[in-house]
Each structure stands twice: as C-alpha cells, then as structure tokens.
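# Structural overview for review
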Amino acid sequence: AWLDTLKEQTAREWETFLVHRSAELQVAGQLIVSTVANIPHDSEDYGRFVTGRAENNMYETWEHLATAAHDLVIAGDINQAEEDNFVLSSYIRTLDEAKAPFMEHTSPVRQAGLRLIQSEYFVVQHPEYVDSASLAKLSEAEIQSKVQQYCHETEPVIAPLIRVGLSKGPHRSEAEKDALLKKFMDRLVSLMTEKKWINPGWVLFLIVAEKV
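Report follows, based on the coordinates. Treat the numbers as computed from the prediction; the structure is a model and nothing was measured. (Residues numbered from 1 in each chain as written. Predicted model: local features only at pLDDT ≥ 70, side-chain atom pairs only at ≥ 80, totals over all residues. Heavy atoms only, no water.)

## What about the overall build of the protein chain?
What the protein chain contains, in helices and strands, is 9 helices and 3 strands. Moving toward the C terminus, one meets the helices and strands of the protein chain in the order α-β-α-α-α-α-α-β-α-α-α-β. Reported as C-alpha extents along the three principal axes, the dimensions of the protein chain are approximately 55 × 45 × 30 Å. Looking at the protein chain residue by residue over its 212 residues, the buried ones come to 39%. Within the protein chain, residue pairs in contact and separated by at least 24 positions form 81% of the contacts whose partners lie at least 6 positions apart. Of the roughly 11700 Å² that the protein chain leaves accessible, carbon and sulfur atoms contribute 53%. For the protein chain, the separation between the mean place of its 21 positive charges and that of its 32 negative charges on side chains is 3 Å. (Helix = DSSP H or I, 4+ residues; strand = E, 2+ residues; numbered from the N terminus. Buried < 20%, exposed > 50% of the residue type's maximum accessible area, 1.4 Å probe, protein only. Contact = heavy atoms within 4.5 Å. Areas by Shrake-Rupley, 256 points an atom, 1.4 Å probe, with all protein chains shown as cover. Lys, Arg positive; Asp, Glu negative; His and termini not counted. Charge placed at Lys NZ, Arg CZ, Asp CG, Glu CD.)

Right under this line is the structure:
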C-alpha cells in the first residue's frame, strides 16, 4: 500500500511538472528530461541495458540507504520519527510510466500541448565500473576498499539528507549529528560490502517532448 501511494504521488508530480514546463515553452519548443530509471527484471529491456552493464544500479542505492537508516533505529541510535524525516524513499519510474501522460489523449499533459517525440533507456557507468566476472575475482578486502571509496565520493550528497532529518527530530548537538552520520556511513559501507555493491552503472531514461 505504501509503495502504491508513493507510485501514485510520483505520477501526479510528474504530470504537474510536465504541464508547468509546457506553459513555459513556445510552439515548437522542446523539453528534454533525463533522470534515473527503473527497468523491471521481467522486462526484455533488462537484458539489453542492465545485464553486464548496470547490475549494481542506482535503483538499489535507495534500498541500501533506507536499510542503513532503519538499522540505526534498531540499534537505538535514532528514533522512528527521525528515520521518517530522512528523505530516503524514492519511487524510480520505468520508461513506460514516464511516457504514460503523453499516451492518454485526455491527459492534462496532452491538453497542455506537449507531444512525445523521443523516449529511450540508456546507461551511464561509474568510471571504475566492475562487471560481474571481475567482481567475482575480488577479495572481500578489495570490495570493501572500493565501497569505502564510493561512499566517500557520495557522502557530500548523502550527508545533507541525514542532517536535515536529524534537525527535525529531538534537539541534537552538531557533535551528535556528526557521530550519527559516521555511524550511518559505516553501516552503509558494511551493507554494500555484504551485497558486493560497488561502482554502479546508472540506468536512465530520456524523454524529449515538443510543444504544439
């Protein structure tokens, strides 16, 4: 039920975004959107874009972040209200879901004058992406080292999400927030090492629409 609610909210926000962008375009103007995408495991596109190219993908990043945060609750380091304040839940759309507002003739997006002219998946890999065959040859220490490097690179993005969540809960000193952030990042490293999740490939979709 929670996932369905998030899915519906994401669809409404996407539709609203498209309608507002259409209002800013002149006739024949184009809107180009590229963002992280999800490809279902039972889709033909999964084999084309994920297998061998993005087995460790951005879609799974959110799962690891959410698990690391929940583990802090279980350990008693933060309370449930603080976890709820972390902006770590995200519904990643499929290409078909992104295209949906353009396909329905009565949709607000089509009524706003937007028409879909291009849509596709594509993959962007981490500069040091490791495929499955190479990953199988790495020792646990080598995997952990790569995970630590990746988490260090992404901490500037992750840290504000955690700090904002902690700021909305019980009053904590900056030293306490620093300590909790370190615990969170340490748990994230541990999780990713266990899952052998390193240097991902990002599956994205491209949407190009034109104002008519």
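## Things to note about helix α9 (residues 174-195)
Here α9 is 22 residues long and its end C-alpha atoms lie 31 Å apart, about the 32 Å a rise of 1.5 Å per residue gives. Positioned one or two residues after α9, Lys196 has a phi angle of 55°, which is positive. (Expected span 1.5 Å × (residues − 1).)

## Remarks on the sheet that holds strand β1 (residues 30-36)
Two pairing modes exist for strands in a sheet, parallel and antiparallel, and in both the strands are linked by backbone hydrogen bonds. The strand order across the open sheet built from 3 strands is β1-β3-β2, with neighbouring strands paired in antiparallel fashion. Either end of the sheet is taken by a strand with one partner, and the two such strands are β1 and β2 (114-125). Going from strand to strand, the sheet's axes swing by 15° on average, the running direction of each strand aside. Bridge count for β1 against strand β3 (residues 201-211) is 7 bridges, and the pairing is antiparallel. Bridge pairing links Leu31 to Ala209 in β3. This element, helix α5 (residues 95-103), spans β2 and β3 of the sheet and lies at about 170° to β2. (Pairing = 2+ DSSP bridges. Axes fitted to C-alpha atoms, helices over the stretch in contact; angles between N-to-C directions.)

## Digging into the packing of aromatic side chains
In the structure shown here, the tally under the stated rule is 4 aromatic pairs. For the pair Trp14 and Phe205, a centre-to-centre distance of 6.4 Å together with 65° between the ring planes defines the contact as edge-to-face. With Trp14 in helix α1 (residues 2-24) and Phe205 in strand β3, this pair connects stretches of sequence that are 191 residues apart. The same class applies to Trp14 and to Phe205, which are both buried. Above the plane of the ring of Trp14 lies Arg93, whose end atom (NZ or CZ) is 4.6 Å from the centre. (Phe/Tyr/Trp six-rings, centres within 6.5 Å; stacked < 30°, edge-to-face > 60°. Lys NZ or Arg CZ within 6 Å of the ring centre and 35° of its normal.)

## A few points about the pattern of salt bridges
Proximity of charged atoms lets side chains of opposite charge pair with each other. In total, this model carries 11 salt bridges according to the counting rule given. Between Arg163 and Asp178 there is a salt bridge; the shortest N-O distance is 2.2 Å. Residue Arg163 is found in helix α8 (residues 140-167), and its partner Asp178 is found in helix α9; the two are separated by 15 residues along the sequence. Since its relative accessible area comes to 25%, Arg163 is described here as partly exposed. Linked through salt bridges whose partners overlap, the residues forming this network are Arg163, Glu174, Lys177 and Asp178. (Salt bridge = Lys/Arg side-chain N within 4 Å of Asp/Glu carboxyl O.)

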